[in-house]
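Close look at the chain arrangement
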Amino acid sequence: MSNLAFDFDSDINAPTAVSSNVLMPTLSYWPDYDKRAPNSRWGKVQRMVDYRNGILDISTSGHGGLKVTGELAKKIPKHFRQTWYEEDCECVIPVYFLYDEFKAIADLFTYEEAGKYGLLRAIKRKSKEDFKAQLLGYGCYAAIWDYIHGLTRDASTFESEWEQRNYTEKMADLQNPVKITAASVKDGQKIRFESPVIFTVDNQTIEVTDFMVVKDGATVRFKPIGHAFMARISNWRKMHFTVM
């Protein structure tokens, strides 16, 4: 689990306007195997905190994280930006870059009350600088940060060889990007589209960015990661994607 310390409780509060910019978050729950439950990158949603500003805090039976859309997503630098941020590592990205948005909501509650609403208790416990340190503790994110700001650092400053290697490899990829062509995708390869692909399954709208490539001769299909169905994406050759 993430050291953001996601705290869950069982109370549900009705939406209440606090100001023109900050609204009370809402909580929604779905029991196991409820077909009405919305889908996410990690499967059927069991619990969702809607911060009512384009950010959803998702929990499923196996995993969870954040979904960021709308105007707030544009505040996240392009090289860091995606739609889904899993809870173990990726969610520190929106938490840091959108810290002031989270803080404004967290300030509506006491520390005890904040535990009802996803990661708000962690926001009350940690400063923006704490989350920056956490973000830059990951080699790949530190490489992106340095690349954006025109910086370099000695990879040996990272505590683990794993993060040292992540920093070095990510920085090399950023400095010498390799264009991924349609012909280069391989069977079983995992790819991530820059923009979500939207499907309608069982009368529900699903947004997916991560897929596994399934090739049969010249035919290329995609299996959405975290979902059971197979997809054909007609214009995928014109879409921007990276190999995961």
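For the structure given in this document, a descriptive report is provided here. (Residues numbered from 1 in each chain as written. Predicted model: local features only at pLDDT ≥ 70, side-chain atom pairs only at ≥ 80, totals over all residues. Heavy atoms only, no water.)

Moving on, we get to the overall build of the protein chain. Of the regular secondary structure elements, the protein chain holds seven helices and ten strands. By the burial criterion, 45% of the 244 residues in the protein chain qualify as buried. Accessible surface, the protein chain as shown: approximately 13300 Å² in total, 49% of it carbon and sulfur. (Helix = DSSP H or I, 4+ residues; strand = E, 2+ residues; numbered from the N terminus. Buried < 20%, exposed > 50% of the residue type's maximum accessible area, 1.4 Å probe, protein only. Areas by Shrake-Rupley, 256 points an atom, 1.4 Å probe, with all protein chains shown as cover.)

Below, the discussion takes up the packing of helix H6 (residues 139-149) against helix H7 (residues 161-175). Where H6 contacts H7, the axes come no closer than 7 Å and their chain directions differ by 40 degrees. Considering their axes alone, H6 and H7 lie oblique with respect to each other. For the element pair H6 and H7, the recorded crossing hand is right-handed. Contact residues: H6 offers Gly139, Cys140, Ala142, Ala143, Ile144, Asp146 and Tyr147, while H7 offers Glu163, Asn166, Tyr167, Lys170, Met171, Leu174 and Gln175. (Axes fitted to C-alpha atoms, helices over the stretch in contact; angles between N-to-C directions. Parallel < 35°, antiparallel > 145°, perpendicular 65-115°, else oblique. Left-handed = near helix turned anticlockwise from the far one by under 90°. Contact = heavy atoms within 4.5 Å.)

Time to look at H6. Of the positions making up H6, those classed as buried are Gly139, Tyr141, Ala142, Ala143, Ile144, Trp145 and Asp146. Here the buried face of H6 lies against helix H1 (92-97), helix H5 (128-135) and H7. Downstream of H6 by a residue or two, Gly150 has a phi angle that is positive, lying close to 65 degrees.

Once that is clear, we can look at the pairing of strand E8 (residues 204-216). Where strand E7 (residues 190-201) meets E8, eight bridges bridge the pair, whose relative direction is antiparallel. Along E8, the bridge assignment pairs Ile191 with Phe211. Connecting E7 to the antiparallel partner E8 that follows it, the hairpin turn spans two residues, and Asp202 within it adopts a positive phi of roughly 50 degrees. When E8 meets strand E9 (residues 219-224), the two strands line up antiparallel, connected through six bridges. Directly across from Val213, in E9, lies its bridge partner Phe222. Count of turn residues in the E8/E9 antiparallel hairpin: two residues, of which Gly217 carries a positive phi of about 70 degrees. (Pairing = 2+ DSSP bridges.)

Another point: the packing of aromatic side chains. Across all of its chains, the model carries 19 aromatic pairs by this definition. Between the aromatic rings of Phe193 and Phe211, the centroid separation amounts to 5.5 Å while the plane-to-plane angle is 75 degrees, which identifies the pairing as edge-to-face. Taken together, the residues span a long stretch of sequence, with Phe193 in strand E7 and Phe211 in strand E8 at a distance of 18 residues. Accessibility expressed as a relative area gives 0% for Phe211, which makes it buried. Aromatic rings pair up to connect Phe193, Phe199, Phe211, Phe222, Phe229, Trp236 and Phe241 into one cluster. Just above the ring of Tyr111 sits the side chain of Arg121; from NZ or CZ to the centre is 4.9 Å. The ring centre of Tyr96 lies 5.3 Å from the NZ or CZ of Lys128, which sits over that ring. (Phe/Tyr/Trp six-rings, centres within 6.5 Å; stacked < 30°, edge-to-face > 60°. Lys NZ or Arg CZ within 6 Å of the ring centre and 35° of its normal.)

Here we come to the nonpolar core. Side chains that are nonpolar tend, in soluble globular proteins, to be buried together. In this structure, Phe80, Phe102, Leu120 and Leu135 are the most contacted members of the largest nonpolar core, which totals 44 residues. Secondary structure elements with two or more residues in this core: strand E5 (64-68), H1, helix H2 (99-106), helix H4 (120-125), H5, H6 and H7. Leaving out residues up to four positions away in the same chain, Leu120 has contacts with Tyr51, Phe102, Ile105, Ala106, Phe109 and Ala114. By size, the runner-up hydrophobic cluster in this structure holds 16 residues, among which are Val185, Ile206, Val220 and Ile233. (Core = buried A, V, L, I, M, F, W, Y, C linked by side-chain atoms within 4.5 Å.)

By the element assignment, Ser40 lies in strand E2 (residues 39-40). Within polar-contact distance, the side chain of Ser40 engages the backbone oxygen of Gly43 at 2.8 Å. In this view, Ser40 contacts Val45, Ile58, Thr60, Trp84 and His227; residues no more than four positions away in its chain are not counted. (Polar contact = N/O pair within 3.5 Å; in protein donor to acceptor, adjacent residues only side chain to side chain.)

Another aspect to go through is the side chain of Lys67. When you line up the elements, Lys67 lands in strand E5. On the accessibility criterion, Lys67 (15% relative accessible area) is buried. A polar contact of 3.3 Å, which involves the side chain of Lys67, links it to the side chain of Glu207. The contacts of Lys67, once residues within four sequence positions are left out, are Gly54, Ile55, Leu56, Thr83, Trp84 and Glu207.

Read these as spatial facts, not as claims about activity.
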